[in-house]
Amino acid sequence: MMNKQIILKNRPEGLPDSNTWELQNNPIPEPGEGEVLVQHHYISLDPAMRGWMREGKSYIEPVELGDVMRAGSIGKVMKSNHPKYKEGDFLTGWGGVQQYTVTDGANWYPVDPNIAPLPLYIGTLGMPGMTAYFGILEVGKIKEGDIVLVSGAAGAVGSVVGQIAKIKGCRVVGIAGGSEKCKYVVDELGFDAAIDYKSEDIYEALKRECPKGIDVYFDNVGGEILDAALSRLRMHARIVICGAISQYNNMNDVVGPKNYLSLLVNRATMQGMVVMDYAKDYGKAAMEMGGWIATGKLKTKEDIYEGIENFHETFLRLFSGDKMGKLVLKVIE
């Protein structure tokens, strides 16, 4: 048996192509003293991975050429020399796009597959869910009655953001690509309205769905949609900058907002957020969201594809929009 690994070979310009990564077969590592061997079952595929391939200053060091591609993962302990974990335990952490990894347990967390399906722990109860929870509550500071706009509304983060805002008594409008996704966020997730950016003029649609303006905009896409949201701000509005997926594969400079003076006129704020800043409170958030899931207030959706050999084409679904909810790759054979 070998360990199939996805290795970063080249830093992409624009959309990652077939030369960006290489699939390698290497020996399964042996755990040393104080370490465990984890067999991955699922890998989390997230837009942030595109940024981790880029050189330059960021909130986290870039993936080095020749290294396993960084990713969140969840799997089973196969061998243990660790005092805390035993064979058969399930752990989630930063295992990378590979079938096996050895870790000393730092920044890994035990999970119980009897309480929730494993993919949920790298979705709504993992990094995307934590991003949504802390982004909308701590940075967006929503309150009952707020008008909340969410881009990427059918995605792993946006779908949870909108549902939390509804739980807290807000009016929620989602922006998504295509009629199927717009129908999903309204009919299944309970958003009040949805805007299809692929078939509608975004400015006109915002006037229709947010005639009184926007109190909170949760931004996952950047670009023109961010600019349009800026034009509809209410007094003391808050913009949460979570991501800018429309800009990640630009061959030229990132397109910045032209309507930023709306922040001045409306005494509004625009703040970036990185989920790692809230790590100490993940447990509290998971407990609350777990309760919402159990009572049916919070719905989850995982879009699961199989085979580490299919990593590249599956990863590209993040940027084509050809997925719904949380994108997950099953790598156990």
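Residues numbered from 1 in each chain as written. Predicted model: local features only at pLDDT ≥ 70, side-chain atom pairs only at ≥ 80, totals over all residues. Heavy atoms only, no water.

Focus on the overall build of the protein
Here is the rule we go by: A run of H or I in DSSP counts as a helix once it spans at least four residues, and a run of E counts as a strand once it spans at least two, with each numbered from the N terminus. For a compact globule the rule gives 2.2 Å times the number of residues to the power 0.38, and the radius of gyration it is set against comes from C-alpha atoms. Only protein chains enter the area calculation, which uses a 1.4 Å probe; residues under 20% of their type maximum are buried, those over 50% are exposed, and those in between are partly exposed.
When helices and strands are counted, the protein shows ten helices and 15 strands. What you see for the protein is a C-alpha radius of gyration of 20 Å, in line with the 20 Å of a compact globule of 333 residues. Considering only C-alpha atoms, the protein reaches an extent of 60 × 45 × 35 Å along its principal axes. Of all 333 residues assigned to the protein, the portion counted as buried reaches 52%.

Digging into a nonpolar patch on the surface
Inclusion rule: Surface patches are defined over residues having more than 30% relative accessible area and no salt bridge, joining like charges when they lie within 9 Å and nonpolar side chains (Val, Leu, Ile, Met, Phe, Trp, Tyr) when within 5 Å. Here the Shrake-Rupley method, with its probe set to 1.4 Å, supplies the accessible areas, and only the displayed protein chains count as covering residues. Take a side-chain nitrogen of Lys or Arg and a carboxyl oxygen of Asp or Glu: if they are within 4 Å of each other, that pair is a salt bridge.
On the surface, Tyr260, Leu261, Leu264 and Val265 cluster together into a nonpolar patch covering about 440 Å² of accessible area. Looking at where Leu264 falls in the secondary structure, it is placed in helix H7 (residues 261-265).

A short note on the nonpolar core
Most often, soluble globular proteins keep nonpolar side chains buried together rather than apart. Filter applied, for reference: Only buried residues count toward a nonpolar core, which is a set of Ala, Val, Leu, Ile, Met, Phe, Trp, Tyr and Cys residues joined through side-chain atoms within 4.5 Å. A contact between two residues is defined here by any heavy atoms of the two lying within 4.5 Å.
Judged by nonpolar contacts, the single largest core of 48 residues is most densely connected at Tyr133, Ile136, Ile142, Val148, Ile164, Val185 and Met289. Contributions of two or more residues to this core are made by helix H2 (127-139), strand E8 (147-151), helix H3 (158-167), strand E9 (171-176), helix H4 (179-188), strand E11 (214-219) and helix H8 (282-294). If we ignore the near neighbours within four places in the chain, the residues touching Ile164 are Ala132, Tyr133, Ile136, Leu137, Ile142, Met289 and Trp292. Listed in part, the 23 residues of the second largest apolar core include Ile202, Cys210, Ile214 and Ala229.

Here's the deal with H8
Working note: α-helix, 3.6 residues per turn, so residues spaced by three or four point in the same direction. This is how it is decided: Expected helix span is computed as 1.5 Å times (number of residues minus one).
Across its 13 residues, H8 extends 18 Å between first and last C-alpha, which sits within 8% of the 18 Å expected from 1.5 Å per residue. On its buried face, H8 is in contact with H2 and H3. Looking one or two places after H8, you find Gly296, whose phi comes out positive at around 85°.

Examining the packing of aromatic side chains
For any pair of aromatic rings, the description rests on two quantities: the centre-to-centre distance and the angle between the ring planes. For the record, the criterion: Note on aromatic contacts: the rings of Phe and Tyr and the six-membered ring of Trp form a pair at centre separations within 6.5 Å, being stacked when their planes are under 30 degrees apart, edge-to-face when over 60 apart, and tilted otherwise. Whether a charge lies above a ring is judged from NZ of Lys or CZ of Arg, which has to be within 6 Å of the ring centre and within 35 degrees of the ring normal.
This model, assessed by the stated rule, comprises nine aromatic pairs. Consider the rings of Phe134 and Tyr282, whose centres lie 6.4 Å apart with planes at 40°: the pair is tilted. Placement of the pair is Phe134 in helix H2 and Tyr282 in helix H8, with a sequence separation of 148 residues. Three or more aromatic residues link up through ring pairs in this structure, and these residues are Tyr133, Phe134, Tyr278, Tyr282 and Trp292. It is Arg70 that lies over the ring of Trp52; its NZ or CZ is 5.3 Å from the centre.

Some details on the pairing of strand E1 (residues 2-8)
We count it as follows: We treat two strands as partners when DSSP finds at least two bridges between them.
Burial analysis of E1 places six of its seven residues in the buried class, which makes it a mostly covered element. Relative to strand E2 (residues 21-27), E1 runs antiparallel, the two being bridged by seven bridges. When the bridges of E2 are listed, Lys4 appears paired with Asn25.

Comments concerning the sheet that holds strand E12 (residues 233-241)
The condition is simple: Lines fitted to C-alpha atoms define the axes, with helix axes restricted to the stretch in contact, and inter-axis angles between N-to-C directions lie between 0 and 180 degrees.
Strand order in the open sheet made by the six strands is E10-E9-E8-E11-E12-E13, with parallel pairing throughout. With one partner strand each, in any of the chains shown, strand E10 (193-196) and strand E13 (269-272) form the two edges of the open sheet. With direction set aside, neighbouring strand axes in the sheet form an average angle of 15°. One ladder, built from four bridges, connects E9 with E10; its direction is parallel.

Remarks on the pattern of salt bridges
Under the defined criterion, the tally for this structure stands at 18 salt bridges. Note that Lys86 and Asp89 form a salt bridge whose closest N and O atoms lie 3.0 Å from each other. Residue Lys280 is joined to Asp281 by a salt bridge in which the shortest nitrogen-to-oxygen separation is 3.1 Å.

Some words on unusual backbone geometry
Of note, His236 is a non-glycine position whose phi angle comes to about 60°, a positive value. Among the secondary structure elements, His236 is positioned in strand E12. At Arg267, a residue that is not glycine, the phi angle is positive and equals roughly 50°. As for its placement among the helices and strands, Arg267 is situated in the loop between H7 and E13.

A word on helix H6 (residues 223-230)
H6 sits mainly inside the fold: seven of its eight residues count as buried. Looking only at H6, the buried set comprises Gly223, Ile225, Leu226, Asp227, Ala228, Ala229 and Leu230.

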